[in-house]
Amino acid sequence: MKNTLYIILFAFLLTGCDDFLDVTPKGKVIPSEVKDYDLLLNGGSSTIHTTSDEDLLFLSADDFYSDEGELGDLNDPNNQLLRIYRWEKELFPDMVRVQMWENSYNSIYTYNLIIEEIENASITSTYTEEDVKQIKSEARTVRAYEYWLLVNSFAKQYDASTASTDAGVPLVTVADASAKTNERASVKEVYDFLLTDLKEALEFLPDVPENKIRPTKATGYALLARIYLQMGEYELARTNATMALNIKNTLGDYTNMDLDESELNASEQFMYRFYGYTRGFTNGYFSDDLVALYDLTNDMRVNRIAGEAVKWVYDPATGWQQVPTGKVANLMSMDINHCVSVPEMYVIRAECNARLSDGSLQEVIDDLNTLRNTRIVAYTDLTNLDITDKTEALKLALEERRREMVMTGMRWFDLKRLNKESEHAITITHPLGDSNYTLLPNSSNYVFSIPIDVISFNPDMEQNVRE
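Just so it is clear, the structure is predicted and the values come from calculations on it, not from any experiment.

What counts, and at which threshold
Residues numbered from 1 in each chain as written. Predicted model: local features only at pLDDT ≥ 70, side-chain atom pairs only at ≥ 80, totals over all residues. Heavy atoms only, no water. Helix = DSSP H or I, 4+ residues; strand = E, 2+ residues; numbered from the N terminus. Buried < 20%, exposed > 50% of the residue type's maximum accessible area, 1.4 Å probe, protein only. Contact = heavy atoms within 4.5 Å. Areas by Shrake-Rupley, 256 points an atom, 1.4 Å probe, with all protein chains shown as cover.

A. How the structure looks around the overall build of the protein. From N to C terminus, the protein includes 17 helices and 8 strands. Looking at the protein as a whole, 57% of its 467 residues qualify as buried. Sequence separation of 24 or more characterises 71% of the internal contacts of the protein that already satisfy a separation of 6 or more. For the protein, the exposed area adds up to about 18,800 Å²; of that, 49% sits on carbon and sulfur atoms.

B. Representation of the environment of Val151 within the structure. Structurally, the position occupied by Val151 is in helix α6 (residues 129–153). Residue Val151 is classed as buried on the basis of its relative accessible area, which comes to 1%. Along the sequence, Val151 and Ala167 sit 16 residues apart, while their C-alpha atoms lie 9.2 Å from each other. When residues no more than four places from it in sequence are discounted, the contact partners of Val151 are Lys156, Gly168, Val169, Val187, Val190 and Tyr191.

C. View of unusual backbone geometry. A positive phi angle is found at Trp87, which is not glycine, with a value near 50 degrees. Examined against the element boundaries, Trp87 turns out to sit in the loop between α4 (80–85) and α5 (99–117). Residue Trp87 is classed as buried on the basis of its relative accessible area of 4%. Look at Met407: it is not a glycine, yet its phi comes out positive at around 70 degrees. With a relative accessible area of 3%, Met407 lands in the buried category.

D. Inspection of the side chain of Arg375 at higher detail. For Arg375, the location among the structural elements is in the loop between α14 (361–372) and α15 (390–405). Owing to a relative accessible area of 0%, Arg375 belongs among the buried residues under this scheme. Non-local contacts of Arg375, meaning those with residues more than four positions away in its chain, are made with Leu251, Gly252, Tyr254, Thr255, Glu268, Asn298, Asp299, Met300, Arg301, Pro343 and Glu404.

And the structure:
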C-alpha cells in the first residue's frame, strides 16, 4: 500500500466529442485487484492530487495586487491573467482549457472508478474486506473535496434560502465515458451529496494515514468543519473542528528557524492537495492591507510563506528582524497545500465561538493564543483585557484566519461567504497602471464562468451570468 501505481488517466474532458465528460482512461495497468485500486488512489507521475489554475483564486481576491511585469502584455486579448485580475465578464478566452475544472473532474473520474469497482475486485496479497471499505471511503472523501472546490468556484455562495434553485455544477457519480450530462445540479444538491459522502465515509476511514496524501478520520471531520463554515452552520463547524483536533492538533513551530518550511507544513496537515505543478503562485505582490495585518518584526509567517516578500536579518541585540520587500517569490520549492490543516481548525473554532451564543471569549482567546504562540517570536498572550466582547473577538478571529490561510486560496471563498454579512462585506480594488478595477460585494463576478468549451459541447448547460 506504500508503492505508487503509475496509471495515467488521460481525461480529454470537454474536447473532441459532444460530451464534456468524455473521459477515456489509458495507462500501463488495468486495475483488477484491490491492491490496484489502492495504488490508484495514491496517484502517480501525473498526480490526481494536484489542482491547477491557482491564479483564479489568488488573482481574484484581495491578498495580492499585480502589475504589467507580472501579468504580461496588457494589449493581448487572450491574456488570461489580465482577464482574471480585472474580473472581466468574458473570463476565459475562446476554447481555453480551464485546469481547475478539468483536473477536478479528471480526479473525480478516478474516484468514481474506485468507488464503483473495488467491491468486485479480487482480494489478494494481504488485503481484506475491511481494506476494501477503507479504500472506498477514502475515495469518497477526496471526491467530496473536489466537489467542494468546484461548487465554490463555479457557483454562487451557499445560501439556505436560494441553494435549492441556484445552479451548482454537474454531479458525476459514474466512471462512464459515454454518460451525457448537460444539467448542473443545484448548489444544495451538491452540498447534500458531499456531506453524505463524508459522513458515510467516516466510519471506515483509518486513524492513521497510509501516506500524506491519503485521508483519515481527522481529514473527514476537518472537511466537514470547512463545509459547514461555508454554509454558515457554525455549531456544526465547531463540533467537527473539535473532532478533528481531538485526533490531531500538532502545530509546527514557525519561530524555530532551524526547521524548514516543508517540515512545518507536513506536521500540520490532515491531507495534502497541491496547487499546480509549480507548487505555488508567482504573479503578484502582497496587498497593503494584508501586510498591515502582520507584525513584521516578530511574525514569522510572512517569511516562511512568501519567501522574498520579506528578508530576515538577525541582530544579536533585538533578534530576528524583517525587512519587507513586498514581492511574493517563486514558491516552487515550497509545498502550497490547499487542503485542510490543524491551524485551519483552530481559526474555524475561534470564529465559531465568537459567533455562537454559547461560545465563550476565553475559548476564542485560548485558540488564538495556541496558534499565535507557534507563529510569533516572543509572543505575549492575548487576555480578556484585549478581547472584551464578541464583536472584537470575531474581528480578531477573522484577521487571524486571513493571516494564517494566506497562500491557500481560501481567501476567495471567505470573501464570498463574508460578503453576505453587511458588517464584513468589502469592495476589492486592484490597481493596474493608472487605473483601478473594483469588485463590489456579492457581484456576479464572484462566480467563475463555466469553461467555454464545456458549454460548446453541452449547449443546454446553463452558463453563469457575469457583469
